[in-house]
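# Structural description and commentary
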Amino acid sequence: LGALYAAFEALKTRLAAEGLFDNQLKRPLPAHPKVIGIVTSLQAAALRDVLTTLRRRAPQIPVVLYPTQVQGDTAPAQIVAAIEAASRRQDADVLIVCRGGGSIEDLWAFNSEMLARTLAQAPMPVVCGVGHETDFTIADFVADRRAATPSNAAEMAVPDLREILAGLDGMRQHLQT
């Protein structure tokens, strides 16, 4: 763990010095996205959590999946390829990159320099929901928004339709009085 943490800190320091984490580079999330893209494993519990949250909050918004491995030696290149595919297709207004929690080794794919640079160049805003509250990866620092969990990433990406409808109902009642 000591060597991995040292490598993480060294990369974090270098990328921060280059400006990849600057707040001025962070793009706002659209208030009403038309399509949500998700980069994760098809087998991940995180995918189920994100889809459940999106279905509850905004069932009218279509979802495009960009499946990839999220752990292991080949995962960084696969995650990059999935983000590049989403970038080429430009069919999503927001991209959620997610996976559940784990050890530093489990989450290591999200500490890739290649992934950091790909996230920084993505044409759409990216919400990173990797791990849980206490987990931080390089991808978190580069993404436009960092979510504490994959479900939280889904909450950030879409408005809650129930709240919108309640607000409209309140306005309707106000106009009738």
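Located above this text is the structure these notes cover.
In this report, the structure presented in the accompanying data block is examined. Everything numeric here is computed off the predicted structure, so don't read it as measured data. (Residues numbered from 1 in each chain as written. Predicted model: local features only at pLDDT ≥ 70, side-chain atom pairs only at ≥ 80, totals over all residues. Heavy atoms only, no water.)

## Structural notes on the overall build of the chain
Quick note on the threshold: Numbering goes from the N terminus for both helices and strands, where a helix is a DSSP run of H or I of at least four residues and a strand is a run of E of at least two. Atoms counted for the radius of gyration: C-alpha only. Globule rule: 2.2 Å times residue count to the power 0.38. Residues are treated as being in contact if the distance between any of their heavy atoms lies within 4.5 Å. Reported accessibility uses the Shrake-Rupley method at a 1.4 Å probe radius. Residues are deemed covered only where the shown protein chains occlude them.
Helix and strand counts for the chain stand at seven helices and five strands. Listing every helix and strand of the chain by position from the N terminus yields α-β-α-β-α-β-α-β-α-β-α-α. For the chain, the C-alpha radius of gyration of 17 Å lies close to 16 Å, the compact-globule estimate for 177 residues. C-alpha extents for the chain along the principal axes are approximately 65 × 35 × 30 Å. Taking contacts inside the chain between residues at least 6 apart in sequence as the whole, the part at least 24 apart equals 73%. Of the roughly 9000 Å² of accessible surface on the chain, a fraction of 56% belongs to carbon and sulfur atoms.

## A short note on the layout of surface pockets
The condition that has to hold: Only protein atoms enter the 1 Å grid used here, on which a cavity is any set of points holding a 1.4 Å probe that cannot leave and a pocket is any open set flanked by protein within 12 Å on both sides along at least five of seven lines; residues with an atom within 4 Å of a point are listed as lining. Grid points are joined across faces, edges and corners, and a volume is the space filled by probe spheres set on the points. The nonpolar class holds Ala, Val, Leu, Ile, Met, Phe, Trp, Tyr, Cys and Pro. Asp, Glu, Lys and Arg form the charged class, and all remaining residues, Gly among them, are polar.
Computed from the structure, the largest pocket encloses a volume of approximately 170 Å³. Around the largest pocket, the lining residues are Tyr5, Phe8, Gly102, Ser103, Ile104, Leu107, Trp108, Asn111, Thr134, Asp135, Phe136 and Thr137. Tallied by class, residues from the lining of the largest pocket come to six nonpolar, five polar and one charged.

## A short note on the pattern of salt bridges
Side chains that carry opposite charge are capable of pairing whenever their charged atoms lie near each other. Put simply, the test is: Any Lys or Arg side-chain nitrogen found within 4 Å of a carboxyl oxygen on Asp or Glu counts as a salt bridge. Note on classification: 1.4 Å probe, protein chains only; a residue is buried when its accessible area is under 20% of the maximum for its type, exposed when over 50%, partly exposed between these limits.
Scanning the entire structure with this criterion turns up eight salt bridges. Ionic pairing is found between aspartate 140 and arginine 146, a salt bridge with its closest N-O pair at 3.9 Å. Here arginine 146 falls in the partly exposed class, since its relative accessible area comes to 24%. It is possible to trace a salt-bridge network through shared partners that takes in Arg14, Glu18, Glu113 and Arg117.

## Structural notes on the side chain of aspartate 144
For clarity, the cut-off: Pairs of N or O atoms are called polar contacts if they sit within 3.5 Å, as long as, within protein, a hydrogen donor faces a hydrogen acceptor (for residues adjacent in sequence, only side-chain-to-side-chain pairs).
Residue position: aspartate 144 is located in the loop between helix 5 (138–142) and strand 5 (145–146). Among the residues examined, aspartate 144 registers a relative accessible area of 9% and is labelled buried. There is a polar contact of 2.7 Å between the side chain of aspartate 144 and the side chain of arginine 27. Filtering out sequence-adjacent residues up to four positions away, aspartate 144 remains in contact with Leu25, Lys26, Arg27, Met124, Pro125 and Val126.

## Quick notes on the sheet that holds strand 3 (residues 94–99)
Convention followed: Note on pairing: DSSP must find at least two bridges between two strands before they are called paired. Each axis is a line fitted through C-alpha atoms, taken for helices only over the stretch in contact, and angles between the N-to-C directions span 0 to 180 degrees.
Taking strand neighbours across the sheet as the criterion, the five strands line up as 2-1-3-4-5 in an open arrangement whose pairing is parallel. One side of each edge strand has no neighbouring strand; the edge strands of this open sheet are strand 2 (63–67) and strand 5. Summarising the sheet, strand 1 (residues 36–40) and strand 3 pair through four bridges and their orientation is parallel. Pairing of glycine 37 across the sheet is with leucine 95, part of strand 3. Across the sheet, helix 6 (residues 150–157) touches strand 1, strand 3, strand 4 (126–130) and strand 5, and the angle it forms with strand 3 is around 170°.

## Quick look at the nonpolar core
Put simply, the rule reads: Take the buried Ala, Val, Leu, Ile, Met, Phe, Trp, Tyr and Cys residues and link them wherever side-chain atoms come within 4.5 Å; each set so joined is a nonpolar core.
Counting 35 residues, the largest nonpolar core has Ile83, Leu95 and Phe110 as the members making the most contacts within it. Of all the elements in the fold, those that place two or more residues in this core are helix 1 (2–18), strand 2, helix 3 (75–89), strand 3, helix 4 (113–121), strand 4 and helix 5. Among the elements that make up this core, the one with the highest residue count is helix 3 (seven residues). In this structure, isoleucine 83 is in contact with Val39, Leu95, Val97, Leu115, Thr118, Leu119 and Ala122, ignoring residues within four places of it in sequence. With 19 residues, the next largest nonpolar core counts Cys98, Val127, Ala157 and Val158 among its residues.

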